[in-house]
Amino acid sequence: MGSRRLARRRAAVSSTPAAVRRVLPRGTLQVAAGLAVLGAASYVYLSLAARTLSPQRFGEISVLYSLVYTAGPGAFLPIEQELARGLADRRARGLGGGPLVRLATVLSGIYAAALVALVLVTGPLTVPRLFDGSWALLGCLALAVVGLWAIYLSRGVLAGVARFSVYGGQLAIEGGTRIAAVVVLVAAGVTNVVPYGLAIGGALLVAVALTIPPTVGAVHPSPDQISPGAGVQELSTAFGWLLVGSVLAQALVNAPPIAAKLLAHGSDSVAAGQVLTGTVLARLPLFAFAAVQAALLPGLAALLARGDRRGFVRGMSRLLGLTAVVTLVATVVAGTVGQSLLHLLFGDRYNLSNHVLMQLALASGLYIGAVIVGQSLLALRRYRTAAAGWAAGVAAFVIVVAIGDHLISRVVGGFLSGTLAALAALAIALVRHLRSMRSLR
C-alpha cells in the first residue's frame, strides 16, 4: 500500500512541469527572465544615480524617468498589443505578416513623430518647471520617445510570431545596457545629469538595434504562406479607447514624482527625487506581477473565448487573492523597516517615513488589483468602460493633490486615493457586466 502511494506521489511530481507548461503560455520563462534583468536595472540605475547626483539633479532625472515610463507603456503598449494580436491572427490563417508590420510601422511612426514634435513644441512650458531649465534633458526625452516607439513595435512583432526567447533577450539587453552605462558614469565620477538622461533612451535603442535581424526575419513568410495587403481594421477597431485607458493607467502609476516636481517650490525642490525613491521601493511587487500578468491574463481571455465563465471568474479571483496577500506583506514590511530599506538602496539623503512608504506600498498593491480587473474588462471587450475606470482614478488623484497641504502627503495621498478609486470603479463595472452575462443565459 505504501509503495503504491509513493509511486503516485512520484508520478504527480514528475508531471508537474508538464502541467505548468500547459497553464503558462509558451515563452513565459524567457520573458520573465528578461523582466528580472530589466527590473534589477531600474533599481541599480536609480540607486547609483541617487547616490552620485545631488538631490536636485536627481529630482530632474526622476521626472525624466517617470515621463519615459509613462509615455512608454501608456502611449506605445497598445501598439505592441494590437500588432501582436493581428500577427497571431494571420499566423493562424496561414498568412504572412509582412504587410501588417509595414502598415503598423508607418502608422505608429507618424504617431511617434507627432509625440516628438509635441515634446519639443511644449519645451518652453515644460523645461523651466520639470527640468530646471535644461533643454538637453528635453532632448533626452525626445530621444527616449523614439526608442520607445522602436522597441514596442519590435516587441509587437516578436510576441505576434511567438519569438519569446528574443523578446526576453531584448528586455535583458535593455536592462543590461542601462546597468553598464550607469556603472561607467559613476565610476568616472560624472555628476552632469545629461549623460544619465541619455542612458535611459540610449538603452532602448541599443536593445532594438541588437535584435533587428531576428525581428525582421520573424515576419518573412514561409513557402506555404501568402501575404495579402493589410487594412487599418486589422490592427484594431477600438484602438482609441485602448490608448486612452493605457495612458491614464500609466499616468496614474507614474504621477507622484511628476506632480511633486510640478508643485515644488523653495525647500520642496528635491521632493520629486524623494517621492521617486519611495515609489520605486514600493513597486517591488509590480515587477513580479509583470511576469504573472504575461502568463495568466491571456489565459483568462482564452477561457472567455471557450465560454468558460466560471473558469474566468475563478482564475481572476485567485489572481486577486494572490495580489491581496502580496500587498499585505509589502505593506507590513514598508510600515516596519521601509525607511531602513530606503536608506540602504538610495542613501541617507532620501528620507521618507515608514508611514509614507506604507501608503505607497498599499497603493501599488491596489494598482495591481486595478490592472487585473481592467485587463479582465478588456478581455470582455469593454474598452470604454475600462478607460472610464482609469479616468476615475486619475480624477481622484488630481482632487486630493489639489486640496492637500504638505507636498509629499498630497501626492502620496493622491496616489493612494487614485488607485483605490480606479479599483473600485473597475470592479463595480466588471461585477455588473458579469451579472448581465449571467442574466442573459
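Residues numbered from 1 in each chain as written. Predicted model: local features only at pLDDT ≥ 70, side-chain atom pairs only at ≥ 80, totals over all residues. Heavy atoms only, no water.

Q: A description of the overall build of the protein chain should follow, citing residues and the corresponding values.
A: The number of helices and strands found in the protein chain is 16 helices and zero strands. A buried classification covers 48% of the 441 residues belonging to the protein chain. For the protein chain, the share of sequence-separated contacts (at least 6 apart) that also reach a separation of at least 24 residues comes to 80%. (Helix = DSSP H or I, 4+ residues; strand = E, 2+ residues; numbered from the N terminus. Buried < 20%, exposed > 50% of the residue type's maximum accessible area, 1.4 Å probe, protein only. Contact = heavy atoms within 4.5 Å.)

Q: Describe unusual backbone geometry, with residues and values.
A: Positive phi, normally seen in glycine, also occurs at aspartate 132, with a value near 50 degrees. Mapped onto the secondary structure, aspartate 132 falls in the loop between helix H5 (123-130) and helix H6 (135-160).

Q: Outline the side chain of threonine 419, supporting the account with residue identities and numerical values.
A: Relative to the assigned elements, threonine 419 resides in helix H16 (residues 407-440). At 3.0 Å, the side chain of threonine 419 and the backbone oxygen of leucine 416 are in polar contact. Not counting residues within four places of it along the chain, the set of residues in contact with threonine 419 comprises Leu252, Ala363, Leu366 and Tyr367. (Polar contact = N/O pair within 3.5 Å; in protein donor to acceptor, adjacent residues only side chain to side chain.)

Q: So what about the pattern of salt bridges? Which residues, and what values?
A: Within this structure, the stated rule accounts for four salt bridges. Ionic pairing is found between arginine 57 and glutamate 60, a salt bridge with its closest N-O pair at 2.4 Å. One end of the pair, arginine 57, and the other, glutamate 60, are both in helix H3 (residues 55-92), three residues apart, so they sit about a helical turn from each other. Under the relative-accessibility criterion, arginine 57 is labelled partly exposed at 27%. Owing to a relative accessible area of 2%, glutamate 60 belongs among the buried residues under this scheme. One salt-bridge network, in which partners are shared between bridges, spans Arg57, Glu60 and Asp132. (Salt bridge = Lys/Arg side-chain N within 4 Å of Asp/Glu carboxyl O.)

Q: How would you summarise a nonpolar patch on the surface if you had to cite specific residues and measurements?
A: On the surface, a cluster of nonpolar side chains totalling about 500 Å² of accessible area is made up of Val325, Val329, Val333, Val337, Leu341 and Leu344. With respect to the helices and strands, the residue valine 329 is situated in helix H13 (residues 309-346). (Patch = residues over 30% accessible without salt bridge, like charges linked within 9 Å, V, L, I, M, F, W, Y side chains within 5 Å. Areas by Shrake-Rupley, 256 points an atom, 1.4 Å probe, with all protein chains shown as cover.)

Q: So, the environment of leucine 357: which residues are in play, and what are the values?
A: In this fold, leucine 357 is placed in helix H14 (residues 354-379). Once you skip the residues sitting within four places of it in the chain, leucine 357 turns out to touch Gly278, Leu281, Ala334, Gly338, Gln339, Leu342 and Leu352.

Q: Account for the nonpolar core, naming residues and giving values.
A: Counting 104 residues, the largest nonpolar core has Tyr45, Leu64, Phe131 and Trp390 as the members making the most contacts within it. Residues within four places of phenylalanine 131 in sequence aside, it is in contact with Glu60, Val63, Leu64, Leu67, Thr126, Leu137, Leu138 and Leu141. Among the nonpolar cores identified, the runner-up in size contains seven residues, and Val31, Leu35, Val166 and Leu171 belong to it. (Core = buried A, V, L, I, M, F, W, Y, C linked by side-chain atoms within 4.5 Å.)

Q: Tell me about the packing of aromatic side chains, residues and numbers included.
A: In this structure the tally under the stated criterion is three aromatic pairs. Judged by centre distance (5.9 Å) and plane angle (20 degrees), the ring pair of tyrosine 45 and tyrosine 65 falls under stacked. Here tyrosine 45, found in helix H2 (residues 28-52), pairs with tyrosine 65, found in helix H3; they are 20 residues apart in sequence, far enough to count as distant. Across the pair, tyrosine 65 and tyrosine 45 agree in class, each one buried. In this structure, arginine 155 is placed above the aromatic ring of tyrosine 152, and the distance from its NZ or CZ to the ring centre is 5.5 Å. (Phe/Tyr/Trp six-rings, centres within 6.5 Å; stacked < 30°, edge-to-face > 60°. Lys NZ or Arg CZ within 6 Å of the ring centre and 35° of its normal.)

Q: Run through the side chain of threonine 327, naming residues and quoting values.
A: Relative to the helices and strands, threonine 327 is located in helix H13. In this structure threonine 327 touches Ala361, Leu362 and Gly365, once residues within four positions along its chain are discounted.

Q: An account of the confidence of the model for the protein chain is requested, with residue identities and associated values reported.
A: The pLDDT averaged across the protein chain works out to 80; a share of 80% of its residues lies at or above 70. No element of the protein chain has a lower mean pLDDT than helix H1 (residues 2-23), which averages 43, and none a higher one than helix H8 (residues 193-210), which averages 94. Note that pLDDT drops below 50 for residues 5-25; the model gives that stretch six contacts with residues more than four away or on any other chain. (pLDDT = per-residue confidence, 0-100.)

Q: Pulling in residues and values, what's your account of the packing of helix H7 (residues 164-187) against H8?
A: Interaxial distance between H7 and H8 falls to 8 Å at its minimum, and their mutual angle equals 145 degrees. For the crossing formed where H7 meets H8, the hand is right-handed. Along its contact with H7, which presents Gln170, Ile173, Glu174, Thr177, Arg178, Ala181, Val182, Leu185 and Val186, the element H8 presents Pro195, Tyr196, Ala199, Ile200, Ala203, Leu204, Val206, Ala207, Val208 and Leu210. The residue inventory of the contact of H7 with H8, partitioned by class, reads 15 nonpolar, two polar and two charged. (Axes fitted to C-alpha atoms, helices over the stretch in contact; angles between N-to-C directions. Left-handed = near helix turned anticlockwise from the far one by under 90°. Nonpolar A, V, L, I, M, F, W, Y, C, P; charged D, E, K, R; others polar.)

Q: Any chance you could break down H8 for me, citing the residues and the numbers?
A: Between its first and last C-alpha atoms H8 spans 26 Å; for 18 residues at 1.5 Å apiece the expected length is 26 Å, and the two agree. The largest bend in H8 is about 30 degrees, located at glycine 201. Residues Val193, Tyr196, Gly197, Ala199, Ile200, Gly201, Ala203, Leu204, Ala207 and Val208 constitute the buried set of H8. Between a side-chain oxygen at the N-terminus of H8 and the backbone nitrogen of valine 194 the separation is 3.0 Å; the capping residue is asparagine 192. (Expected span 1.5 Å × (residues − 1). Bend = angle between axes of the 7 residues up to and from the residue.)

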